[in-house]
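# Coordinates in review
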Amino acid sequence: MIFTNKALAVSMAAAGLLLIAGGAQAAAIISNGTVMMGVRDLGDLNVGGGPGGAPSFTNIVGLRSVATNSDSTSPGCTCEGWGAGIKDFGAPGNNVSGYANSSVGTANVSLVSFTSTASTAVSTVNVLGPTGAPILRVTHNYHPIAGTPFLYEVDVSIQNVSGVDLTPGQLVYRRVMDWDIPTPGFEHVDMQGVPALLGVANGNNVRRTDNNGFNSGNPFSFSSFGCQDVNFTDLRGGDACPGSASSGTSSSNDEGALFDFEFEALADGATRSFATFYGVAPTKADADLARALVDGDPSDVEIGLYSYGYPDPTATGGGDPATGAPNTFIFGFGAAGGVLVPPDEPNPTPEPASLALLGLGLAGLGWSRRRKSV
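These lines cover the structure that appears in this document, whether it is placed above or below. Bear in mind that the values here come from a model prediction, so they are computed numbers and not experimental data. (Residues numbered from 1 in each chain as written. Predicted model: local features only at pLDDT ≥ 70, side-chain atom pairs only at ≥ 80, totals over all residues. Heavy atoms only, no water.)

This part is about the pairing of strand E10 (residues 151–160). With 8 of 10 residues buried, E10 is to be regarded as a mostly interior element. Note: strand E9 (residues 134–144) against E10, 9 bridges, orientation antiparallel. Paired with Arg137 across the bridge in E10 is Gln159. Examined bridge by bridge, E10 and strand E16 (residues 271–281) share 9 bridges and lie antiparallel to one another. Its bridge partner lying in E16, Tyr152 is registered against Tyr278. (Buried < 20%, exposed > 50% of the residue type's maximum accessible area, 1.4 Å probe, protein only. Helix = DSSP H or I, 4+ residues; strand = E, 2+ residues; numbered from the N terminus. Pairing = 2+ DSSP bridges.)

Here it is, written out as structure tokens:
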């Protein structure tokens, strides 16, 4: 079945037809009527049971446009995931991590809880240390936002439960995806907002970036497709990567995006939170505006570090790389100068109909605040 309009997608979601259950919930397909996402219980994407047919030719939902039925992370390879870890845990060189990716691998994580509604999903997992005891508790909270229908906010919180205080640079996090729009090898990719100097020693949280979306979620493993730690636009396989620290030319015709982060000192029991975003807009211009409408105010930009994926003219259904039509997919971070910004709203899990009321309530209570512009 193909969803042909937003109303149908929302009505099916509200009826629970997109929820995958069986005792405890194992996954959910959620939608705000514009963006559709398949969220697994461990917090990564790509869930079966969604609409099939052209142009993606798969019923696995990763990050999907309701308007076009184009999916961006599930065709070809369900390569999308995350990981978190502690560097030099207990001894130099003893790097410990847990990660989740339905295709590339999942390890050292245990489920704490997973809940969902028609439009939201919240995953909490423990990252396990060498003895099997939790060292990090990681929550991914997927929810729509009031400012734009083209984005989902994914609030990430990482609690240090290791029993020791972490020094600057010890805590690390990765998010990685292979863009397939709408099928493998037909995507154009942008990456922007990468600082010239990286890491907490240089006043930001960006540890590493790359165009290899086939890396695992393990933040301590890495291979490059050539465009490491640089900004680029309209990248296709074989294109040059200006100023790259690695080979300088993309070595793949199947492009993706990898973002690695490191964080400030974090005391035992403390939590580091930040905002990430997934979405899809009709064009790159619409995507640019969406990055500025996170808080409803177009005069400042909340998503300063991001990747876009959009189709080639030869792709199924066609595409215009100059404009990003008919769909530009978005992955980004609430970041100013590479510094990951905490979410505006504590524990935001509203349904779409209540988002406007929630925004008014927060404004009235004086809780809302504007993120720093970039």
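Additional details are given in the paragraphs that follow.
Before going further, it helps to examine the packing of aromatic side chains. By convention here, two paired aromatic rings are described through the distance between centres and the angle between planes. Taken as a whole and assessed by the stated rule, the structure comprises 11 aromatic pairs. Here the aromatic rings of Phe261 and Phe333 are separated by 4.6 Å at their centres, their planes lie at 65 degrees, and the arrangement is edge-to-face. With a gap of 72 residues between them, Phe261 in strand E15 (residues 256–262) and Phe333 in strand E18 (residues 328–333) connect regions that are remote in the sequence. Exposure remark for Phe333: the relative accessible area of 0% places this residue in the buried category. Taken together, a centroid distance of 4.5 Å and an interplanar angle of 35 degrees make the contact between Tyr278 and Phe331 tilted. Remark: Phe331 occurs in strand E18 and Tyr278 occurs in strand E16; sequence separation between them is 53 residues. Judged by relative accessible area, Phe331 falls into the buried class, the value being 0%. An aromatic cluster is built from Phe259, Phe261, Tyr278, Phe331 and Phe333, whose rings are joined through pairwise contacts. Directly above the ring of Tyr306 sits Arg291, whose terminal nitrogen or CZ lies 3.9 Å from the centroid. (Phe/Tyr/Trp six-rings, centres within 6.5 Å; stacked < 30°, edge-to-face > 60°. Lys NZ or Arg CZ within 6 Å of the ring centre and 35° of its normal.)

Next up on the list: the sheet that holds strand E8 (residues 121–128). Backbone-to-backbone hydrogen bonds pair the strands of a sheet. The strands run either parallel or antiparallel. The sheet built from 9 strands is open, its strands ordered E7-E8-E9-E10-E16-E18-E17-E12-E14 with antiparallel pairing. Looking at strand neighbours, the two that pair on one side only are strand E7 (109–116) and strand E14 (232–235), the edges of this open sheet. Ignoring strand direction, the axes of neighbouring strands in this sheet form an average angle of 15 degrees. The pairing of strand E12 (residues 187–192) with E14 spans 2 bridges and is classified as antiparallel. (Axes fitted to C-alpha atoms, helices over the stretch in contact; angles between N-to-C directions.)

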